[in-house]
Amino acid sequence: MASAHSRMRCGEFRTTYQADLTIFPTPLARRVAVASVLFLLISPLFLDAYHLNLLIQIGYYGIAALGLNIVVGFTGQISLGHAAFFGLGAFTSAWISNNSGIPVFFTIPLAALLTMAVGLIVGIPAGRIKGLYLAIATLASQYILEDFFARAEWFTGGSSGAMASPVSIFGYEMYSDKSFFYIVLFYVVIMYVAGANLMRTRDGRAFIAVRDHYLSAEIMGINLNKYRILSFGISSFYAGIGGALFGHYLGFVSAEGFTLMLSIQFLAMVIIGGLGSVMGAMLGTIFMVLLPEVMEYGVHLVGSQSSALTQALAYIKEMAIGLAIILFLIFEPDGLAHRWKMIKNYWKLYPFSY
Amino acid sequence: MNYELLLQLIINGLIVGTLYGVVAMCFVLIYKSTRVVNFAQGEFLLIGAWTCWAMLVKFELPFYVGFPLTLVFMMVFGVVLQVLVLRPMIGEPIISVIMVTIGLSMFFQGLVSWIFGGYTKAFPTVFETASVKIGGLHIETAYIMSVVVSVVIMIAFYFFFKYSRMGLAMRATAFDQQIAQSLGISVKHVFAASWAISAVVSALAGVVIGMVNGVSSALSFIGIKVFPVVILGGLDSIVGAIVGGLMIGVLENLAEFFDSQWLHFGNMYNIAPFYALVIILMIKPYGLFGTKDIERI
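S.K.: In this structure, what is going on with the overall build of chain B? I would like to understand it.
M.R.: A count of helical and extended segments in chain B gives eleven helices and two strands. When the helices and strands of chain B are listed from N to C terminus, the series reads α-α-α-α-β-β-α-α-α-α-α-α-α. The principal-axis extents of the C-alpha atoms in chain B amount to approximately 60 × 50 × 35 Å. Within chain B, the fraction of its 297 residues that count as buried is 51%. In chain B, 76% of the contacts between residues at least 6 apart in sequence involve partners at least 24 apart.

S.K.: Just checking my understanding: could you explain the overall build of chain A for this structure?
M.R.: For chain A, the count of helices and strands is 16 helices and four strands. In summary, chain A has a C-alpha radius of gyration of 21 Å against a globular reference of 20 Å for 354 residues, a match within 12%. Residues classed as buried in chain A amount to 44% of the 354 residues present. Taking the contacts inside chain A whose residues are at least 6 apart along the sequence as the reference set, 78% of them involve residues at least 24 apart.

S.K.: Can you help me understand the interface of chain B and chain A in this one?
M.R.: Listed as interface residues are 35 residues of chain B and, on the opposing side, 33 residues of chain A. Here the side of chain B that touches chain A gets 16 residues from one element, more than from any other, and that element is helix H4 (residues 94-116) of chain B. Taken together, the residues of the side of chain B that touches chain A sort by class into 27 nonpolar, seven polar and one charged.

S.K.: What is the right way to read helix H5 (residues 141-163) of chain B from this model?
M.R.: Every α-helical turn comprises 3.6 residues, leaving residues that sit three or four positions apart pointing alike. Helix length check: H5(B), at 23 residues, gives a terminal C-alpha distance of 33 Å against a target of 33 Å (1.5 Å per residue), a fit within 8%. Taken as a whole, H5(B) has its buried residues at Ala142(B), Tyr143(B), Ser146(B), Ser150(B), Ile153(B) and Phe157(B).

S.K.: Explanation requested: the environment of Lys225(B) in the structure shown.
M.R.: Residue and element names in this part refer to chain B. Residue position: Lys225 is located in helix H9 (residues 221-233). In this structure Lys225 comes out as buried when scored by C-beta crowding, with 22 C-beta atoms within 10 Å. Here the alpha-carbon distance between Lys225 and Asp236, two residues eleven residues apart in the chain, equals 17 Å.

S.K.: Sorry, what's going on with the packing of helix H4 (residues 82-99) of chain A against helix H6 (residues 131-151) of chain A here?
M.R.: Angle between the axes and distance between the axes are the two parameters that describe a pair of packed helices. All names here are of chain A. Relative to each other, H4 and H6 sit at 30°, their axes nearing to 9 Å. Judged on the interaxial angle alone, H6 and H4 are roughly parallel. In the packing of H4 onto H6, the handedness of the crossing is left-handed. For the pair H4 and H6, the contacting residues are Ala83, Ala84, Gly87, Leu88 and Phe91 in the first and Ser141, Gln142, Leu145, Glu146 and Phe149 in the second. Here the residues of the contact of H4 with H6 are counted per class, giving six nonpolar, three polar and one charged.

S.K.: Please explain helix H8 (residues 177-198) of chain A as it appears in this structure.
M.R.: All names here are of chain A. For H8, which comprises 22 residues, the first-to-last C-alpha distance of 31 Å matches the rise-based estimate of 32 Å (1.5 Å per residue) to within 8%. Within the span of H8, buried status applies to Phe180, Phe181, Ile183, Val184, Tyr187, Val188, Met191 and Gly195. Here the buried residues of H8 occupy an arc of 160° about the axis, which is enough to place them on one side. Turned more than 90 degrees off the buried face of H8, the exposed positions are Phe186 and Asn197.

S.K.: When you look at the packing of helix H5 (residues 104-128) of chain A against helix H11 (residues 224-250) of chain A in this model, what are you seeing that I'm missing?
M.R.: Residues and elements named next belong to chain A. It is the contact of H5 with H11, at a shortest axis distance of 6 Å, that shows an interaxial angle of 145°. At the point where H5 passes H11, the crossing takes the right-handed sense. Looking at the contact of H5 with H11, its residues break down into 17 nonpolar, ten polar and one charged.

S.K.: Explain the confidence of the model for chain A here, please?
M.R.: Parts of the prediction with low pLDDT should not have their coordinates interpreted in detail. Put simply, chain A has an average pLDDT of 85, and 92% of its residues get 70 or more. Per-element averaging of pLDDT across chain A places strand S3 (residues 172-174) of chain A at the bottom with 66 and helix H3 (residues 49-74) of chain A at the top with 93.

S.K.: Honestly, the environment of Gly242(A) in this entry has me stumped. Any pointers?
M.R.: Residues and elements named next belong to chain A. Position of Gly242 among the secondary structure elements: in helix H11. Residue Gly242 is classed as buried on the basis of its 34 C-beta neighbours within 10 Å. Setting aside anything within four residues of it in sequence, one finds Gly242 in contact with Tyr60, Tyr61, Ile63, Ala64, Phe86 and Gly89.

Rules used throughout
Residues numbered from 1 in each chain as written. Chains lettered and ligands numbered in written order. Predicted model: local features only at pLDDT ≥ 70, side-chain atom pairs only at ≥ 80, totals over all residues. Helix = DSSP H or I, 4+ residues; strand = E, 2+ residues; numbered from the N terminus. Buried ≥ 20, exposed ≤ 12 C-beta atoms within 10 Å, placed from the backbone. Contact = placed C-beta atoms within 7 Å. Rg over C-alpha atoms; globule rule 2.2 N^0.38 Å. Nonpolar A, V, L, I, M, F, W, Y, C, P; charged D, E, K, R; others polar. Expected span 1.5 Å × (residues − 1). Axes fitted to C-alpha atoms, helices over the stretch in contact; angles between N-to-C directions. Parallel < 35°, antiparallel > 145°, perpendicular 65-115°, else oblique. Left-handed = near helix turned anticlockwise from the far one by under 90°. Arc of directions from axis to C-beta. pLDDT = per-residue confidence, 0-100.

The structure is reproduced here in structure tokens:
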């Protein structure tokens, strides 16, 4: 092959299996990912509390959204009960740290493991039913778990909620948002790298096979039951991590926070971001976290005096989320990740787009 | 044991159950003919009840004018919704279709709360007497009317699907879309009509419930309660919807009774149907009357 500058390749060609199996499609993508993590590492130095708060929100919701994407986007199972697992993670971590001497930093993965166990149990019916029936079953599990949160006072504090202590590791307590940001970033990087790698393993490919054509998958020797339940378990693990971070960040966990509405928001993140895309989960989360903020900003911009509009803000946010879901499904069903890919391809092939 | 309370609760359960049955029938109608799982069924009740409330209270129309106008509005609403939002979703995967109706449900809940506020508002009284005594039991007049209306709707559905041209076209479409299309049935019209009928009948149920309990966002929860009903009866069975509605209506009142007498868990009224749902899905996922999916390779 001639030297690179004389014949620049137009487009992205993979010539070996190794090249096809890398986490990052191009060296540039890898460098951008590393650079953005480095950039986030120094960002607390110049970000104010408001923006830092948004980043932390994107972090813990993003982890949970990736979990939901594994079950919905990669395995093709529908779950309407993700918020309940998110809540279970928050309550469990708060409960473990309040009732034992384990530092909070370690109760987060412990809580996630317990959430995963519950997810595996809820996932058992998922092995038998699919599609629509599964959506309805998970809807029921959402209500049942929500009811459990409101009732189990020994565990969740009932209607008054539970206190969650701030993150501590080896005796250091981290009260400030800045130090918490690093904790969230740590988990986000770990969980996203794990998520991207999961899809390169045997199990990850089995998930995709189950999604694409479950009959063929079964004929090829993939144990449908096992992988359907497993994907529920992994997704609950992610939800548990996200929920535990959420609980310790707010310092207070209340049963009212984990309603069907939050489950729908998680689904919206996954769909807007792009089903079956690891980066899409993050993009969708960014969209869904920023959307209410933008609505709030817009409302204050239009009528800072008119209190009617400000009072209706909660409803306007709800409408905006609903509308975003509908518009994305009609006009961009593959989500932001797909749109991003198209933009990239356009520039990659720039002068010769055919 | 308090037998009088038990009897009263069972009667209440049957009355509420007929309403569940009607709403479930609307749900099944949409599912059967268009294969869309409508998570926004509860919002149909909500919008219908609020529209009727606005007609009666804001515009001060008499009931016999305002109520038919509500139904006309809902018919147009159903058709517009189908054409604008659901038609582009034909052929999309099931998750997209489910999510689009969930999005609709959120959007309309926000919109309705924005317009009418988040508080319960009472319907103007339509009947002179609030309740009548039958055999020592108090039954509200609106409940009696609701049972009468529900039974009339059910009979109307029966004749509609048995004899009318559109009803037959709907059954044909539900049976096999391609064959129906090749026989000259306009599947487009069938889809629009099923949404329109579903919206109108749901609104009717919404108005009836609104008369008894007042109009509030809580009405849309009926749309969620429909799921245990249709799973019990079978997703694509109209008879199943009615039977399931009655059973779930009685079940939740019985659960309430046992809870208040012995268990004291609280909130059983709302949660018991979901436990029932999970159990049914585990042992008989296609419900009592639903057709079993048989897949051939």
